[in-house]
Each structure stands twice: as C-alpha cells, then as structure tokens.
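# Working through the structure, step by step
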Amino acid sequence: MLSIALAGKPNAGKSTFYTAATRSEVDVANYPFTTIDANRGVTHVRTACPCLTREERCGHEHCHDGKRYVPVELLDVAGLVPGAHEGRGLGNQFLDELSNADVIVNVVDASGATNEEGEPVEIGDHDPVEDIDFVEEEMDLWLAGIVEDNWESVERASRSPGFDIETAITEMMTGFGASEYQVAAVLREFDYPEDPIQWSGEDREALARGVRERTKPIVVVANKVDVAPEENVQRLLDLDKPVIPATAQGELAVRRGADAGFLDYDPGDEDFDITGDVGDDQREALEALRETMQEYGGTGMQRALDYAVYDLLEMVTAFPVQDQSKWTDATGTVLPDAVLLDAGSTPVDLAYAVHSDIGDGYLHAVNAKTNREIGEDDELGEGDVVKIVSTAN
C-alpha cells in the first residue's frame, strides 16, 4: 500500500491530522514529543468514482454518492527538531521511519504558537516560514550522513576490475527506497568524478539531496489556519512551494459530527450541513468553522492527501473488473477495487498490481467504458475501468 508520512516539528498538529484522517485515537497534547512510537493507520485519497457515468451509484462502501475513497497508509512519527540528523530529540528514529514513505506531508503550525522546538508560545511569536525548509534540510543531511558512512565501501569496491560507479551508488541508495531509474536521473543532473575516491563532501551531499527530492517529495500543510494571523497564512501561501492551508482540528470536529449523525459531511467537501440538534455554543463553533472552510475551500486535510498522491506522485486510479458490461467482480460487487498506479502505467501493470499470477498470465484487456480492447502498451488514465483477460482468471 502506498505510504504517506506526516513530518514536522513537535506540537504542530500531526497527531490531530492523523486522528482525523484515520479515525484512530492517539495521544494528543500541548507539549513536544507527544508521539514516541510511530502510529500507522489507513486513510484515503478521494477521486471521482466511474459510477458517476452510470444511471445508479455503485453503492460501494468506499463510494459516497460518486466520491470514491482509495485506501493509503498514513504514518505519524515523532516530531522533528533542528539537529535531528545528528540525533537530537528523536531524530534518528524519526528519519528512519520516514525512509519507508513514498511522500511526505510537512505539517506546519501556521499560527506561530510553537517555537522551533515545538514548545508553546503566544500566537504569532514564531515565524512559521522557518519551519518549512528545516524539514527538508534535516532529511537531506541525514541521508548525506548515510552516504558518508557507506562511502568507504564504495571506494573499496572501486579497486575491483569492472567497477561501475553508477551501479555501486544505485546498490547503496536502493536501501533508501530509490529505484535504478531515480538514481540514474539524479546522477545525470550533476557532474561528478568517475573515481569515488575523488568525490568531495559536497558531491556526496548533492547526491543525497537529489535522491531525497526524487524519492521523498514534500507538500506543506499550513495547519491551524482557523486561529492563525492572516499575514502568516498569506506568507506561507506565497512561497514557491506547494502549500495547503488546513485545520486538522476542524476536520476532526466535522468528522466526529458526521459520525454522531448531526452533520452531513464527506472528507474533502467544502462545506457541511447541520442535520441534527446542536446546542447554541456548538452551533456557533460550527458556523465559525464553516467560515474558515468557505475561505479556504474546505478544511484542507483531504486536499493535502490528494495533492500528495495525485499531483506530487502523479498517480492515477484504475478500476479492475471481471464483467465488463456490469462492472462487477465474480460476486457481483460493482467496481470492487480501486488501484493506484504510476502515471503512464499500462494494462499489464494493472494486471500485476491485482496479482502476480494475473500479470504472468496476461492475455489482453478491455476498456469497460467503451467495450474496446486496449493494447498492452496503452497508458491508463484516471478513472479507467478495465477488464483483464488472463490465463489465471
């Protein structure tokens, strides 16, 4: 399952984000390092369900009137402080956990009510812009340290006949989750000596930064916009980086309201309806939250998750079926599965994503929307419904 990690300094709202997104209760408190051991749960990204093109909605448990929710893993780890790459705070533990993620959501306290260590201060006392780059910097320096620690083995290998530096570096970096293609792309982007003994510390750091950027892209969540000074939020949004304004506490409130039955709300909606009896104080709080959601187009949480997967990772959602006319599986479930694939993936890639045996026995595929056979090298698009014909069916 694709993995999204929540990063950021302590007390920025990561655990509230995690609780709202996964509906799993974790420790939430107004002090640094509330989270010690990593929390792992399942959340969802949202896309349009193909059933919108049919007369009736599919009725799938993850489809809410045409809003399809696709499961992904969400990881909440200990907060990061400056110097984490040297072991400060819970730095090494934090960064080790991040190495398994596909994309990073950097949760920033837009209100400026926590300092660089995550300790409470008055709203506006800390500049949240300072919390943006340091996460990238700590990750880059941590990976540079790993490269440094392993470089001697590369130098020793270079004395052997047939040594290839690109192969040696690729073998070293795959432990961080980099593919051969990603390492090759990074090495094409800068000049480096063919002899690893001639590499400088700057060369190794450039390698680390390049690999991190390709394997761990980052989207920033400007959290707590409901209480943040307007100028703080605007400065964050004006940065030359993807920044999503959000209120994790607001998302948690509306999800709990929906669970309790007095709100009509689906994650990612820009508004909600009050459908049950609420007290005056609760109504006042909900109306204040509504104003924030109307200003920013929702609570921002679902938007951040969707941006991480569909924009940064450039994934598409495909829907494999067995019956191309009814769009069902063998049990009659309509649109039973939603599979996240890299952009450019083919029907063969989808077949292997469903099951290795289906991929090994691949014969051909049919676009169930058009009832036309599609080539094994054709690229799948967002929302494609595909029947895979395989000897393993």
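Structural data are supplied above this passage.
Criteria and cut-off values
- Residues numbered from 1 in each chain as written.
- Predicted model: local features only at pLDDT ≥ 70, side-chain atom pairs only at ≥ 80, totals over all residues.
- Heavy atoms only, no water.
- Helix = DSSP H or I, 4+ residues; strand = E, 2+ residues; numbered from the N terminus.
- Rg over C-alpha atoms; globule rule 2.2 N^0.38 Å.
- Buried < 20%, exposed > 50% of the residue type's maximum accessible area, 1.4 Å probe, protein only.
- Contact = heavy atoms within 4.5 Å.
- Areas by Shrake-Rupley, 256 points an atom, 1.4 Å probe, with all protein chains shown as cover.
- Lys, Arg positive; Asp, Glu negative; His and termini not counted.
- Charge placed at Lys NZ, Arg CZ, Asp CG, Glu CD.
- Phe/Tyr/Trp six-rings, centres within 6.5 Å; stacked < 30°, edge-to-face > 60°.
- Axes fitted to C-alpha atoms, helices over the stretch in contact; angles between N-to-C directions.
- Parallel < 35°, antiparallel > 145°, perpendicular 65-115°, else oblique.
- Left-handed = near helix turned anticlockwise from the far one by under 90°.
- Nonpolar A, V, L, I, M, F, W, Y, C, P; charged D, E, K, R; others polar.

## Considering the overall build of the chain
Along the backbone of the chain there are 12 helices and 14 strands. Computed over its C-alpha atoms, the radius of gyration of the chain comes to 23 Å, within 12% of the 21 Å expected for a compact globule of 393 residues. Taken along the three principal axes of its C-alpha coordinates, the chain extends 75 × 65 × 35 Å. In the chain, which comprises 393 residues, the share counted as buried stands at 52%. In the chain, the share of contacts with a sequence separation of at least 24, taken over all contacts with a separation of at least 6, comes to 66%. Counting every atom, the chain has about 18000 Å² of accessible surface; 42% of that belongs to carbon and sulfur. A distance of 4 Å separates the average location of the 30 positive side-chain charges in the chain from that of its 80 negative side-chain charges.

## Remarks on the packing of aromatic side chains
To describe a pair of aromatic rings, you give the distance between the ring centres and the angle between the ring planes. By the definition in use, this model includes four aromatic pairs. Ring centres of Trp151 and Trp199 lie 4.7 Å apart, and the angle between their planes is 40 degrees; on these two criteria the pair is classed as tilted. Within this pair, whereas Trp151 is found in helix α3 (residues 130–157), its partner Trp199 is found in the loop between α5 (180–188) and α6 (201–215), the two being separated by 48 residues in sequence. With relative accessibility at 2%, the residue Trp151 sits in the buried group. According to the relative accessible area criterion, Trp199 is buried, its value standing at 4%. Measuring from ring centre to ring centre gives 5.4 Å for Tyr192 and Trp199, while their planes differ by 50 degrees; the resulting arrangement is tilted. Joined through ring pairs, the aromatic side chains of Trp151, Phe190, Tyr192 and Trp199 make up one cluster.

## Focus on the environment of Ala392
By the element assignment, Ala392 lies in the segment after β14 (384–390). A relative accessible area of 38% means that Ala392 is categorised as partly exposed. Here the alpha-carbon distance between Ala392 and Ile218, two residues 174 residues apart in the chain, equals 39 Å. Residue contacts for Ala392: discarding those within four places in its chain leaves Asp357 and Ile358.

## Focus on α5
Turning to α5, its buried residues number three or more, namely Gln182, Val183, Ala184, Ala185, Val186 and Leu187. Those residues of α5 that are buried lie in contact with α4 (165–173) and α6.

## A word on the packing of α3 against α6
Here α3 crosses α6 at 125 degrees, and the two axes come no closer than 8 Å. One way to sum up the angle between α3 and α6 is to call them oblique. Between α3 and α6 lies a crossing of right-handed hand. Here α3 contributes Glu136, Glu137, Met139, Asp140, Leu141, Leu143, Ala144, Val147, Glu148 and Trp151 to the contact with α6, which in turn contributes Arg204, Glu205, Leu207, Ala208, Arg209, Val211 and Arg212. Of the residues belonging to the contact of α3 with α6, the class tally is nine nonpolar, no polar and eight charged.

## A look at the environment of Gly112
Note on placement: Gly112 falls in the loop between β5 (103–109) and α3. Gly112 sits in the buried class, given a relative accessible area of 0%. The sequence separation of Gly112 and Gly124 amounts to 12 residues, and the corresponding C-alpha distance is 4.5 Å. Leaving out residues up to four positions away in the same chain, Gly112 has contacts with Val121, Glu122, Ile123, Gly124, Asp125, His126 and Asn232.

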